[in-house]
Amino acid sequence: MIIFPAIDIKDGNCVRLVKGDYSTAHKVAENPLDTARKFEAAGAEWIHMVDLDGAKDAALVNKEIFVSVARETGLKVEVGGGIRSMEAVDYYLSNGISRVILGSAAVKNPEFAREAVAQYGEKIAIGIDARDGMVAAEGWLDTSDVYFTDLAVEMEKIGVKTIIFTDISRDGTLTGPNLRQLNEINSAVSCDIIASGGVSGIDDIIALRNAGLYGAIAGKAVYTGALDVAQAIEEGGKPRDLSRYFAKSELIPAVVQEASTGEVLMLAYMNEQSLRLTLETGMTWFWSRSRGELWNKGATSGHYQRVVSISGDCDDDTLLIRVEQTGAACHTGNHSCFFQPIGFKKHI
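Residues numbered from 1 in each chain as written. Predicted model: local features only at pLDDT ≥ 70, side-chain atom pairs only at ≥ 80, totals over all residues. Heavy atoms only, no water.

(A) Spatial organisation of the nonpolar core. Grouped together as the largest cluster of nonpolar side chains are 67 residues, with contacts concentrated most on Tyr92, Val100, Leu102, Ile128, Ile163, Ile205 and Leu227. When residues of this core are assigned to their parent elements, the largest contribution, five residues, is made by helix α4 (residues 86–93). Grouped together as the second largest cluster of nonpolar side chains are 17 residues, Phe246, Ala254, Val256 and Met266 included. (Core = buried A, V, L, I, M, F, W, Y, C linked by side-chain atoms within 4.5 Å. Buried < 20%, exposed > 50% of the residue type's maximum accessible area, 1.4 Å probe, protein only. Helix = DSSP H or I, 4+ residues; strand = E, 2+ residues; numbered from the N terminus.)

Structure, rendered in structure tokens:
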């Protein structure tokens, strides 16, 4: 998991807000460039920067600061705030910025988002900021009637690869990220999800890593000293801890379900290695109890399963794997292994 130290700019200063409230802005560092260099020295490869003035005024108010950081450090810089036109996108990406974040534009002008993605591909990320699950815009001053995962699905359809999700109620509060909503959006789309808002310390970084997030933005916790950037980067780079699912047994059942219809396709078994391979490749791997070996579904038949999401049950001893199935799931040629009805008499 990638750690993105954050620098938010208002009136040319490095500031932090609480729950997106501009009246709570307080200065947290003296110089944006010096701060970025400190993050780079701690091992950061990326930095997350936001033009708070730009987000409110729909303009590139602090653009020189972001370009300066991109040019004068070795950091990859992603920038959001006030980017409402292709001219703004062109400016940033032609001046050393690695990724541009579209927020309000994705809600209010989806055609612009579509054009930007078509032209620049993975250099465009979508920032989805939600209040009580509903997408907010205009520097979080307005709340729309769009549910956050609905927007994520629409953005995936136009080719978006990276989504930055913020629960506004957690931002700047040091109360921990909203893991429930993060899991919800991570399951709804195959895009890389970057978590933003609420990170309070190293335990949150570990929880986000184990939840399978692509990245985590750390802001206030870094500036208060509650989170060390170097330690966060080290922990973020470690493999996910999957041991809890195998505490009772080396093998656990995995129910495979067609994502688009909800139809149950098959039941197989996983050990930790097959689960890890599934997470790494995005295709299902299982453990054959009869052959005593790993097997990749579709390797022989060509009927592969592309993973959409993986969920654990309440007891951490069964998995539900939602997939896009190619061809038949069953070796008999049936789409589902569960094709033989067993009659029963209903007693009233």
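(B) Expanded view of empty space enclosed by the protein. This model, assessed by the stated rule, comprises two cavities of 30 Å³ or more. Taken as a whole, the second largest cavity spans an internal volume of roughly 40 Å³. Class assignment of the residues belonging to the lining of the second largest cavity gives a composition of four nonpolar, three polar and one charged. (1 Å grid on protein atoms, 1.4 Å probe; cavity = no way out; pocket = protein on both sides within 12 Å on 5 of 7 lines; lining within 4 Å. Points joined across faces, edges and corners; volume = space filled by probe spheres on them. Nonpolar A, V, L, I, M, F, W, Y, C, P; charged D, E, K, R; others polar.)

(C) Fine view of the layout of surface pockets. Roughly 1200 Å³ of internal volume is contained in the largest pocket. Lining of the largest pocket is provided by 42 residues; of these, Asn186, Ala211, Gly212, Arg240 and Leu279 occupy positions nearest its centre. The set of elements that each furnish at least two residues to the lining of the largest pocket consists of α8 (179–188), β11 (192–196), α9 (202–210), α12 (272–281) and β17 (305–312). For the lining of the largest pocket, the leading source of residues is β17, giving seven residues. Taken together, the residues that form the lining of the largest pocket break down as 18 nonpolar, 13 polar and eleven charged. Looking at the second largest pocket, its volume works out to about 220 Å³. For the lining of the second largest pocket, the residue count by class is six nonpolar, six polar and one charged.

Keep in mind these values describe shape, not function.
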